[in-house]
Amino acid sequence: MSRLDAIRGSSLPVAHNARAIAALAANPACDRRAVLDGAGIDKSTIVEHLGFPARFGQSPFAITRTREFKAIVKADEGAHVLRLLRELLDLPVKEAEYHDVGHASGQEARHRHTMDVLGAAAPETATLVDHPLVKLGVAGYEVYLEPDVIAFQADHRLHVVAIKSFPIIDGQADPGKVSAAAREAAVYVHAMRELFGLDPERVSHDVILICPKDFMNFPTACLVDVRLQLEALKRQLARLARIDTILDRLPPDLSLDLRLAGETPTRPAAELGAALSAIPARYAPECLAACEMAYFCRDEARACGSLEALGRSVRDDLGGIESLDMAIELMGGENVPTEHAAIAERLGFVRRILDEAVA
Ligand code: SF4
């Protein structure tokens, strides 16, 4: 049994999806997340048991809306996708071959069918592959991933198409949502590059993001360059592949076993919480939108007065200051060590403004 299996204990490993893999890149320095994901631990069940249930994810309304919008975009064998490809990429073709591989039974068959279609597509033929399934190795596990559409355009270059239901209004979309979509699409681009062993130029780093235009359901599209997200993802996947170095720093008998009786965890929550706390975390407010563990980690960071809980910009501004208590002490301006004089002066300035505002 591997060390990661031993840490997970009696639970079965959970499968990763692109959203979960993309979230890895949102906090690449967090050992806790690397261990939990590397071991395939069900983070939602853990935090539920600890009393900090995850509160993010799409609402049922958003899921329905996304499903309806995808159906519109893919209708008539991807007519909208082809129109948008023509506009965005100057595709000089009127028609494309359309292959829906979603009917293959079983994930492996669907994956093979996807590879067959992409492998057989003629370079001069524009091809759309609907319901594709690609594979990626994550921390020793093979993960199946389902991009919305893979477009194979006339200059023999593959593009990932991401269909999202948030609107593009007057050419602008919510930057947070675009960024999340870019991280997720980068996972597909990376998986395809790994699978085909191709020159990176063969799978484009420009992803086609299709969204509703303004407040209508009419699809519009833009190209999103995911090179930065690809680099962050590759670093994090490499870190998971070298997870032994993280494991070496953890207690040898560490176990996050929930001791399931059927589907019910029986392990005392306090004991499980203490085991989790033995794995260093780097909580930041961004975790709230990206990781199931966020409320547990935030509570822990607050309890120990960590500056991390206030966000990366505060941590960067107060570089070298270990805790909130230390920052408050420096704000008082007494017995300030020389190395913290500049920060103490700035904190004192903030305090004067605050005092004046309160007065
Ligand atoms: S919520 Fe916790 S485990 Fe998840 S990335 Fe943030 S610090 Fe790491």
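All values reported here derive from a predicted model rather than from experimental measurement.

Caption draft 1: Structural detail: the domain arrangement of the protein chain. According to the domain assignment, the protein chain contains domain 1 (3-57 + 250-313), domain 2 (60-236) and domain 3 (318-358). Averaged C-alpha coordinates put domain 1 and domain 3 at centres separated by 33 Å.

Caption draft 2: Just unusual backbone geometry, in detail. Its identity is not glycine, yet Asp170 carries a phi of approximately 50 degrees, on the positive side. Inspection of the secondary structure puts Asp170 in the loop between β6 (158-163) and α7 (175-196). One non-glycine residue, Arg259, lies in the positive phi region at around 50 degrees. Within the secondary structure, Arg259 is located in the loop between α9 (244-247) and β9 (260-261). Look at Arg259 and you get partly exposed, because its relative accessible area is 37%.

Caption draft 3: Just empty space enclosed by the protein, in detail. Under the definition given, this model contains 2 cavities of 30 Å³ or more. Size it by volume and the largest cavity reaches roughly 40 Å³. Lining the largest cavity, in full, are Lys74, Gly78, Val81, Tyr98, Leu128, Asp130 and Val149. Elements supplying a minimum of two residues to the lining of the largest cavity: α5 (60-89) and β2 (127-130). The dominant element in the lining of the largest cavity, judged by the number of residues it contributes, is α5, at 3 residues. Its residues placed into classes, the lining of the largest cavity shows 4 nonpolar, 1 polar and 2 charged. Each pocket or cavity is described by its volume, and for the second largest cavity that value is around 30 Å³. Contributing to the lining of the second largest cavity are Ala162, Val178, Ala181, Ala182, Ala185, Val207, Leu209 and Val224. For the lining of the second largest cavity, the elements supplying multiple residues, two or more each, are α7 and β7 (206-212). In terms of residues, the lining of the second largest cavity owes the most to one element, α7, which gives 4 residues.

Caption draft 4: Highlighting the site of the ligand. Every residue near the ligand is listed here: Asn27, Cys30, Arg32, Arg33, Ala281, Arg282, Tyr283, Cys287, Cys291, Met293, Ala294 and Cys297. Of all elements in the fold, only α3 (31-38) and α11 (294-303) reach the threshold of two or more residues within the shell around the ligand. Here the shell around the ligand is built from residues that sort into 8 nonpolar, 1 polar and 3 charged.

Caption draft 5: Layout of the packing of helix α4 (residues 43-50) against helix α10 (residues 269-277). Close contact between α4 and α10 brings their axes to 9 Å; oriented N to C, the two are set at 125 degrees. With respect to α10, the element α4 is oriented oblique. Taken as a pair, α4 and α10 cross one another with a handedness that is left-handed. In this structure, α4 uses Ile46, His49 and Leu50 to contact α10, whose residues at the interface are Ala269, Leu272, Gly273 and Leu276. Its residues assigned to classes, the contact of α4 with α10 comprises 5 nonpolar, 2 polar and no charged.

Caption draft 6: A look at α4. Taken together, the buried positions of α4 are occupied by Lys43, Ile46, Val47 and Leu50. Summarising the axial view, the buried residues of α4 lie within an arc of 90 degrees, below the 170-degree limit, and thus occupy one face. The inward-facing, buried residues of α4 contact α3, α10 and α11. You can read the cap of α4 off the contacts: a side-chain oxygen lies 3.2 Å from the backbone nitrogen of Ser44, and it is on Asp42. Looking one or two residues past α4, Gly51 carries a phi angle of roughly 90 degrees, positive in sign.

How each quantity is defined
Residues numbered from 1 in each chain as written. Predicted model: local features only at pLDDT ≥ 70, side-chain atom pairs only at ≥ 80, totals over all residues. Heavy atoms only, no water. Domains from an automatic or database assignment. Helix = DSSP H or I, 4+ residues; strand = E, 2+ residues; numbered from the N terminus. Buried < 20%, exposed > 50% of the residue type's maximum accessible area, 1.4 Å probe, protein only. 1 Å grid on protein atoms, 1.4 Å probe; cavity = no way out; pocket = protein on both sides within 12 Å on 5 of 7 lines; lining within 4 Å. Points joined across faces, edges and corners; volume = space filled by probe spheres on them. Nonpolar A, V, L, I, M, F, W, Y, C, P; charged D, E, K, R; others polar. Near = heavy atom within 4 Å. Axes fitted to C-alpha atoms, helices over the stretch in contact; angles between N-to-C directions. Parallel < 35°, antiparallel > 145°, perpendicular 65-115°, else oblique. Left-handed = near helix turned anticlockwise from the far one by under 90°. Contact = heavy atoms within 4.5 Å. Arc of directions from axis to C-beta. Polar contact = N/O pair within 3.5 Å; in protein donor to acceptor, adjacent residues only side chain to side chain.

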